[in-house]
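This is what each chain is made of:
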Amino acid sequence: MAFSVVMPALEMAQETGKLIAWRKKEGDRVTKGEPLLEIETDKAVMEVEATADGILAGITGIVGSDIPVGQTIAWIVSPGEKPPVEKDAGASAPAARGKTESHAVPVAASAPAPTAAAGAKISPKARRLAKELGVDVASVRGSGPGGEILASDVQTAAAPTAAASTVASAKSANVEVPSTLGRLMAERTTQSWTTVPHFFVTRDIDATALNAYREKLLAEIERTDGIRITHTDLLVALTSRVLLKHPQLNSSFTTPGIRLHDHVNMGVAIAVNDGVVAAVIPNAHTASLAEIAKQRRDIADRARAGKLRPADIADATFTISNLGMYHVDHFTAIITPPQAAILAVGSIADRVVAVEGKPAIRPMMTLTLSSDHRVADGARAAMFLNDLAEALREPQNSLR
Amino acid sequence: MPERELTFAQAVREALAEEMRRDSRVCIIGEDVAEAGTPFKVLSGLVEEFGAKRVVDTPISEAGFTGVAVGAAMTGLRPVVDIMFGDFITLTMDQMVNQAAKAHYMSGGHWKVPMVMRTTLGATRRSAAQHSQSLHAWFSHVPGLKVVLPSTPFDAKGLLKTAIRDENPVIFFEDKMMYKLKGPVPEDDYTIPLGVADVKRSGDDITLVATSSMVQVALGAAILLEREGISAEVVDPRTTWPLDEKTLIDSAKKTSRVIVLDEGYGRYGVTAELAAVIAEGAFYDLDAPVKRMGAMHVPIPFSPPLEDATVPTEQTVFEAARAMCKPS
């Protein structure tokens, strides 16, 4: 029997999804649970898995188009079986919201003309390059002795507008085509940097108490909850509690006005292969240290494995970016709109500081808060940092 | 300074003579090695210089004199055994595989077997099925044995010196059809380490990995390919063990296509091992399956036209490489 493949709804309010790539080609055998296609919503790029075993057939979803949620974009059929003819072949009409039931079009007619023969062979190198360069192999024509798709075919397909160039052998080795995540990162940071008026407030913090507190709890929490707490976990816990007193910095700048949140969904910036993602620990202001540690490790592991769900990265109210593990002393971070602020955390390192009029060596850490000046001003940011410094000086007061 | 040219046979003889002058423990043992200088005249003149005590003629008894050499090596000499035709290594297998290859290991390093076995490989000499095989894969299969396959006079001299100076058994295969091949050979005392491949020709479109006389075949095919606009790289591993995997893999990554050439039988042969090394190391950089070319899986025929058809030639390698590179 034939199973339809539809554009899924991954978020409550989602109306359309953009088809980024087919992971399988027309005629490929697919197994239930295997990645079948990639779609992009306004928040994330997601893999969609096959819902049944069989042969992928009758593809009507065109790569790059926005497709209404629920619309059939392909079929999974038994070997030898023909895909059913869809009454509504609206896939090729972009943004076809209002479905028309009138014209029945044979699937073959509305399917995008496959340039690669069904089941066309592709060399291991070409397959790797296609993945790296973000080339959809279904749209590449093979030039191998038996029509195989070769590395040069993928490179030609990836070279922007150079397809018609006669220099077919020109190697694009020095041009890196960004992955989808890389492209999203580029778009979002550009939008934020060019539209949000950033300002920065920096403060050096003595981390002696924070280190001691972590040392004290480390073994205990590892024994009871089987997880090692990190400095990031402590910062998430303390910052989210301090934020409750500073709603301007835990807010969203929206068109009707500034929305102050009464809860803290803490975004944690996580470096992955091709960029950075901020995964969310919801309601971090009420979560225990052990809960925070577990959730942070879970999202970090899934982020690195590319397995984040849209909910994992949605609705953060504030973000922490910690580059301490990279031995960065201090840095400034770019705000993720509509959030109003982001905290950049440098490494903890011994520095010489004045203590009671004498030089002393203390483990110091530099925190830099980036704030949206439409929402908060310098004094507000300073007061927040002051309270955060206080909480870091006596962490037990905030957490117990 | 213009370099001298020597034939492959002269280069082998010069390496032996220089080593025998340098080290009085080096001696030669085998059939027709003294006055006859072997049927290929490789050893001519050595008995005259070094005498019958160091260039020892034996009866037809490969198992016996190979065993004598293993024992001599264990007790202080550095014998170079001559097995006239590589086909006859069958008779030496127990001495080489069970004794020479194992002594160092089983004695916990107490015994060493610093011997070299020189023998031949290669077809197309009209020598029929018992004198034309290339059986070097057999020794390459056994831990404890090193196997050398020189492809030029230069490599022959440098590699043979290294083999003689090695503290454990080395088998040195010379293609009997290459003895008259000429090439530059320095007069000085130089050595080439075992396990270091040599890129005999640099290219971009396809790698021809070749051993022994197949290197010459590959270089000829590369010239034919060049006329078609295909740039072939020729890589010579020089030793099947130790094996310079990195150079093979790097070349495969560079060109994305590989043909492996060896005159031994293709089935379970040297080409299979080299192709596997490349497939494992360069899989994600390959644009085509690694192709193997070796001797046909038949006894080598005496009939000249049939014999010629059993081994790769410049023309067949050229055609195979062109088919891999040319767009459909």
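The shown structure was predicted, so the numbers you read here are calculated from the model rather than taken from an experiment.

### Some remarks on the overall build of chain A
Helix and strand content of chain A: nine helices and 17 strands. Counting across all 400 residues of chain A, residues that qualify as buried make up 44%. At a minimum sequence separation of 6, the contacts of chain A that also span at least 24 residues come to 61%.

### Considerations on the overall build of chain B
Within chain B one finds 12 helices and 14 strands. Its C-alpha atoms give chain B principal-axis dimensions of roughly 65 × 45 × 40 Å. Counting over 328 residues, chain B shows a buried share of 58%. Long-range contacts, defined here as pairs at least 24 residues apart, represent 82% of the contacts in chain B between residues at least 6 apart. Accessible area for chain B stands at about 13400 Å²; split by element, carbon and sulfur atoms hold 57% of it. Each charge class in chain B can be summarised by its mean position, and for the 34 positive and 44 negative side chains these summaries are 1 Å apart.

### Quick notes on the packing of helix H5 (residues 208–225) of chain A against helix H6 (residues 231–243) of chain A
All names here are of chain A. The contact between H5 and H6 brings their axes to 11 Å, and the two run at 110 degrees. Classified by the angle their axes make, H5 and H6 are roughly perpendicular. Listed contacts from H6 to Leu210, Asn211, Tyr213 and Arg214 of H5 are His231, Leu234 and Leu238.

### Describing the environment of Leu43 of chain B
Residues and elements named next belong to chain B. Its place among the elements puts Leu43 in the loop between strand S2 (26–30) and helix H2 (46–50). The exposure class assigned to Leu43 is buried, which follows from its relative accessible area of 0%. Considering only alpha carbons, one finds Leu43 and Trp241, 198 residues apart in sequence, at a separation of 26 Å.

### Re the domain arrangement of chain B
All names here are of chain B. Domain annotation of chain B identifies domain 1 (5–184) and domain 2 (198–323). At the interface, 28 residues of domain 1 touch 25 residues of domain 2. Regarding the contact of domain 1 and domain 2, the summed buried area is about 2100 Å², with carbon and sulfur atoms giving 56% of it. Of all residues in domain 1, the largest losses of buried area upon contact with domain 2 belong to Arg126, Leu149 and Ser151, amounting jointly to 26% of the total for that side. Counting across the interface, domain 1 meets domain 2 through four salt bridges. For Arg126, the salt bridge is made with Glu307, and the minimal N-O distance between the two is 2.8 Å.

### Topic: the sheet that holds strand S5 (residues 45–49) of chain A
Residue and element names in this part refer to chain A. If you walk across this open sheet you meet the four strands as S5-S4-S2-S7, and the pairing is antiparallel. Of all the strands in the sheet, the pair left with one neighbour each is S5 and strand S7 (66–68). For this sheet, the mean angle separating the axes of adjacent strands, direction not counted, is 45 degrees. Of the strand pairs in this sheet, strand S4 (residues 35–40) and S5 are connected by five bridges, and their pairing is antiparallel. Note on S5: the bridge partner recorded for Pro35 is Glu49. Sheet contacts for helix H4 (residues 180–195): strand S2 (16–22), S4 and S5; angle to S4, the most-contacted strand, approximately 10 degrees.

### Considering the environment of Asn265 of chain A
All names here are of chain A. Mapped onto the secondary structure, Asn265 falls in the loop between strand S11 (258–260) and strand S12 (266–272). By relative accessible area, Asn265 is classed as buried at 10%. Residues Asn265 and Ala2, spaced 263 residues apart in sequence, show a C-alpha to C-alpha distance of 42 Å. Not counting the four nearest positions on each side in its chain, Asn265 is found in contact with Val280, Ile281, Pro282, Asn283, Asp315, Ala316, Thr317 and Phe318. In this structure the side chain of Asn265 is engaged in a polar contact, spanning 2.9 Å, whose partner is the backbone nitrogen of Asn283.

### Topic: the nonpolar core
Ranked by internal contacts, the top residues of the largest apolar core, which has 65 residues, are Leu16, Ile28, Val55, Met115 and Phe139 of chain B. Sorting elements by how many residues they give to this core places helix H1 (residues 8–22) of chain B first, with eight residues. Residues within four places of Val55 of chain B in sequence aside, it is in contact with Met20, Ile28, Val33, Ala34, Leu46, Val47 and Phe50 of chain B. Counting residues in hydrophobic clusters, the runner-up holds 54 residues, among them Ile205, Leu235, Ile270 and Phe384 of chain A.

### Topic: helix H8 (residues 213–227) of chain B
All names here are of chain B. Over its 15 residues, H8 extends 22 Å from the first C-alpha to the last, a length consistent with the 21 Å expected when each residue adds 1.5 Å. For H8, every residue scored as buried is listed here: Ser213, Met214, Val215, Val217, Ala218, Gly220, Ala221, Ala222, Leu224 and Leu225. Buried residues along H8 sit in contact with strand S7 (170–175), strand S9 (198–201), strand S10 (206–210), strand S11 (232–236), strand S13 (258–265) and helix H12 (314–325). Once H8 finishes, Gly229 follows within two positions and takes phi at roughly 80 degrees, a positive value.

### Points about the pairing of S7 of chain B
Residue and element names in this part refer to chain B. Of all six residues making up S7, six are buried, and the element is well covered by its neighbours. Sheet topology places strand S6 (residues 146–148) next to S7; three bridges connect them, and they run parallel. Residue pairing in the sheet places Lys146 in a bridge with Val170 of S7. Handedness of the crossover joining S6 and S7 through helix H7 (residues 153–165): right-handed.

### Let's talk about the domain arrangement of chain A
Residues and elements named next belong to chain A. Each assigned domain of chain A is listed here: domain 1 (1–112), domain 2 (115–176) and domain 3 (182–399). Of the residues lining the interface, four residues belong to domain 1; the matching set on domain 2 comes to six residues. In this structure, the connection of domain 1 to domain 2 is made through zero salt bridges. Counting the contacts that link domain 1 with domain 2 gives zero residue pairs in polar contact (both at pLDDT 80 or more). Partitioned by chemical class, the residues of the side of domain 1 that touches domain 2 number two nonpolar, no polar and two charged.

### Quick look at the interface of chain A and chain B
Every contact between the two is made by 12 residues of chain A and, on the other side, 14 residues of chain B. Buried surface at the junction of chain A and chain B, summed over both partners, amounts to about 910 Å²; 47% is from carbon and sulfur atoms. When the area that chain A buries against chain B is broken down by residue, the three leading residues are Pro124, Lys125 and Pro145 of chain A, summing to 54%. Its salt-bridge partner being Arg128 of chain A, residue Asp285 of chain B comes within 2.6 Å of it at the nearest N-O pair. At the surface where chain A touches chain B, the tally comes to seven residue pairs in polar contact (both at pLDDT 80 or more).

### A short note on the pattern of salt bridges
Throughout the structure, instances matching the rule amount to 41 salt bridges over all chains. Close ionic contact of Glu222 of chain A with Arg228 of chain A constitutes a salt bridge, the shortest N to O distance being 3.4 Å. Among the salt bridges present, the one from Glu174 of chain B reaches Arg118 of chain B, with a minimum N-O distance of 2.6 Å. One end of the pair, Glu174 of chain B, is in strand S7; the other, Arg118 of chain B, is in strand S5 (residues 116–121), and 56 residues separate them in sequence. Looking at Arg118 of chain B, the relative accessible area reads 4%, which means it is buried.

### Points about a nonpolar patch on the surface
A grouping of Trp193, Phe200 and Ile334 of chain A is seen on the molecular surface, where their side chains present a nonpolar patch of about 280 Å² in accessible area. Along the chain, Trp193 of chain A falls in helix H4.

Rules of the game
All residue numbers here refer to positions counted from 1 along the written sequence of the relevant chain. Chains carry letters from A onward and ligands carry numbers from 1 onward, assigned in written order. Per-residue local features are limited, in this predicted model, to residues with pLDDT of at least 70; the limit for side-chain atom pairs, both in listing and counting, is 80 or more; totals at the level of whole chains, interfaces and linings are taken over all residues. No hydrogens and no water enter the side-chain calculation; it runs on all heavy atoms of the structure. Every helix listed is a DSSP run of H or I at least four residues long, and every strand listed is a run of E at least two residues long, numbered separately from the N terminus. Only protein chains enter the accessibility calculation, which uses a 1.4 Å probe. A residue is then buried if its area is under 20% of the maximum for its type, exposed if over 50%, and partly exposed in between. We call two residues in contact whenever any of their non-hydrogen atoms come within 4.5 Å of each other. Using a 1.4 Å probe, accessible areas were evaluated by the Shrake-Rupley method; residue-level cover was limited to the displayed protein chains. Counted as positive: Lys and Arg. Counted as negative: Asp and Glu, with His and the chain ends omitted from the count. We put the charge of a Lys on NZ, of an Arg on CZ, of an Asp on CG and of a Glu on CD. Every axis corresponds to a line fitted to the C-alpha atoms, with the helix fit spanning only the stretch in contact, and the corresponding angles, defined between N-to-C directions, vary from 0 to 180 degrees. Working definition: roughly parallel below 35 degrees, roughly antiparallel above 145 degrees, roughly perpendicular at 65 to 115 degrees, and oblique for all remaining angles. The split of the chain into domains comes from an automatic or database domain assignment. A simple way to read buried area is as the amount of 1.4 Å-probe accessible surface that goes missing from two parts once joined, with both sides added. Whenever Lys or Arg places a side-chain nitrogen within 4 Å of a carboxyl oxygen from Asp or Glu, that contact is recorded as a salt bridge. When DSSP finds at least two bridges between two strands, those strands are taken to pair. Identification of polar contacts relies on pairs of N or O atoms within 3.5 Å, with a donor-acceptor requirement for protein atoms, meaning one able to donate a hydrogen and the other able to accept it, and with residues adjacent in sequence counted only if both atoms are side-chain atoms. As used in this record, nonpolar core signifies buried Ala, Val, Leu, Ile, Met, Phe, Trp, Tyr and Cys residues forming a set joined through side-chain atoms within 4.5 Å. Each residue after the first adds 1.5 Å to the expected span of a helix. By convention, a crossover is right-handed whenever its connection, traced from the first strand over the helix to the second and viewed with the strands pointing away, goes clockwise. When residues are sorted by character, Ala, Val, Leu, Ile, Met, Phe, Trp, Tyr, Cys and Pro go into the nonpolar class, Asp, Glu, Lys and Arg into the charged class, and all the rest, Gly among them, into the polar class. By definition, no residue in a patch forms a salt bridge, and every one has over 30% relative accessible area; like charges are joined within 9 Å, nonpolar side chains (Val, Leu, Ile, Met, Phe, Trp, Tyr) within 5 Å.

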